[in-house]
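# Remarks on the overall topology
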Protein chains: 2
Amino acid sequence: MNTNFDIENFILDFSNSCQKKQKKVFSKNEVVTTYIKNRNQLCILLDGNADLVRYDLNGNRTIVEHFSKNALFGEVFYTITTNNELLVEAKSNCTVLFYIYDDIFHKCRNNCKFHQTLSENLPQLILNKVTDLNMRIELLTKRSTRDKLLGYFSLLSTRKLSTSFELPFSLTDLADYLSVDRSAMMRELKLLKEDGFIEKIGNRIILLYK
Amino acid sequence: MNTNFDIENFILDFSNSCQKKQKKVFSKNEVVTTYIKNRNQLCILLDGNADLVRYDLNGNRTIVEHFSKNALFGEVFYTITTNNELLVEAKSNCTVLFYIYDDIFHKCRNNCKFHQTLSENLPQLILNKVTDLNMRIELLTKRSTRDKLLGYFSLLSTRKLSTSFELPFSLTDLADYLSVDRSAMMRELKLLKEDGFIEKIGNRIILLYK
DNA sequence: CATAATGTGTTGCTTTTGCAACGGAAAATA
DNA sequence: TATTTTCCGTTGCAAAAGCAACACATTATG
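My aim in this report is to walk through the structure given alongside it, one point at a time. The structure displayed is predicted, hence computed values, not measured ones.

What counts as what
Residues numbered from 1 in each chain as written. Chains lettered and ligands numbered in written order. Predicted model: local features only at pLDDT ≥ 70, side-chain atom pairs only at ≥ 80, totals over all residues. Heavy atoms only, no water. Near = heavy atom within 4 Å. Polar contact = N/O pair within 3.5 Å; in protein donor to acceptor, adjacent residues only side chain to side chain. Helix = DSSP H or I, 4+ residues; strand = E, 2+ residues; numbered from the N terminus. Nonpolar A, V, L, I, M, F, W, Y, C, P; charged D, E, K, R; others polar. Axes fitted to C-alpha atoms, helices over the stretch in contact; angles between N-to-C directions. Parallel < 35°, antiparallel > 145°, perpendicular 65-115°, else oblique. Left-handed = near helix turned anticlockwise from the far one by under 90°. Contact = heavy atoms within 4.5 Å.

To continue, consider the protein's contact with DNA strand D. Around DNA strand D, the structure places 20 residues, and the nearest of them are A:Thr172, A:Lys190, B:Ser144, B:Thr145 and B:Asp181. Residue A:Arg182 places a side-chain N or O atom 3.0 Å away from a base oxygen belonging to DNA strand D. At a separation of 3.1 Å, a base nitrogen of DNA strand D approaches a polar side-chain atom of B:Ser183. Within the residue set of the surface near DNA strand D, elements represented by two or more residues are α4 (171–178) and α5 (182–194) of chain A together with α5 (182–194) of chain B. Its residues assigned to classes, the surface near DNA strand D shows four nonpolar, six polar and ten charged.

Another point: the protein's contact with DNA strand C. Around DNA strand C, the structure places 20 residues, and the nearest of them are A:Ser144, A:Thr145, A:Asp181, A:Ser183 and B:Lys190. Each atom of DNA strand C within 4 Å of the protein belongs either to a base or to sugar and phosphate, the latter forming 51%. Take A:Ser183: an N or O atom from its side chain is 3.0 Å from a base nitrogen of DNA strand C. Taking A:Arg187, its side chain carries an N or O atom lying 3.0 Å from a base nitrogen of DNA strand C. Mapped onto the surface near DNA strand C, the elements with two or more residues apiece are α5 of chain A together with α4 (171–178) and α5 of chain B. Along the lines of polarity and charge, the residues of the surface near DNA strand C split into four nonpolar, six polar and ten charged.

To continue, consider the packing of helix α3 (residues 145–160) of chain A against α5(A). In a packed pair of helices, the relevant descriptors are the angle between the two axes and the axis-to-axis distance. Residues and elements named next belong to chain A. Where α3 contacts α5, the axes come no closer than 9 Å and their chain directions differ by 70 degrees. Accordingly, the angle class assigned to the pair α3 and α5 is roughly perpendicular. Both α3 and α5 take part in a crossing whose hand is right-handed. On α5, the residues touching Thr145, Arg146, Leu149, Leu150 and Phe153 of α3 are Met185, Glu188, Leu189, Leu191 and Leu192. In terms of residue class, the contact of α3 with α5 is made up of seven nonpolar, one polar and two charged.

See the structure below:
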């Protein structure tokens, strides 16, 4: 996450300072948490990978966000407006810290340093989420599967400062992230290879164009 | 916009308190502003309607956000990460206040009340944007044009607390907002009518299902 | 008021995407 | 290690969406 706020040190310094917290360990595919209206839970992923997933009424699965080490998530960052189930699924073994925010923008009743520091930095952290969401929207508004794939690859390439990078998703999950059918995406992936846009070696993509 | 912060009164009280501002009037279809990296402009729509629009390399147009009276917009709320042109277009005659934020989360150098009050409420305002963006993502991840239309209609219906409501867009713009082809959307709209999901009288939609 | 510009509604055709199904590879698990 | 489960890669077919073109309505504008 791109922030001036040093989450890593913050966690090291303060993670034990608040009494109102819980630390839990999850194994792969377990449900870490479900998003519930007005609870204002805040979670920190100390270790592992997890996805925020939504299931709609048609049974379609959408990966809304992907979290890795030190990611912050929870209802604090996501005002819930619909009835759709929103849950965080562990993609690997995970260690997670849970906090409840009585009031997002004010101090913890216990007046602990953790909540205080976090409150100060919350605006910046939320703005980071906004950036992520806008990127997501940009991807989703692309009209074809090809453009979604290329857009996503170019994003990863920019982040890694390299035309070669690992996919953080399985291909099945990538399809759910781009909101397209998996087999149609595989077909397009093949065409992208044939048309010389990309190379794919296992989980690694190499961008060839420009 | 759904916020505890009373924008209307805030504008009345403070819009003249900061020296670093500009008030401008635009006529329909004029470009209100272009989003530029690191400028941190903040705009308040005093009157009229405007859209945040993106044009991609294929010439596709996407309406990213729709603004009406008292809406806040500008780079402050949108961390720019791509090269795509992002601009705000007046959809009617508009009056807009412009401010520049030297530093989003700190006080204006002039220490004016406007920036101070806004700083205090910025987290809440950003959270409102997050809500909007999440709804947008939810719409865009729907797999079919039908589901996008129904999802959008149900959203408007919830907002207006009525199964009957006016569309805030022309149908051409609605297609750009849902990121679908206009004629395909028209076709689907016709089918929705035929299948008894909606009624459409001019600009007004009536939801018939459930 | 006449004319231009924009928006609506429609359609035939083409392309893209989704769906369903399957075999084999890889990974997780007993 | 054997076995089950998940993931990858592919394909034929059906459905949906995009494209292009047009007539007509409505709205702006000289």
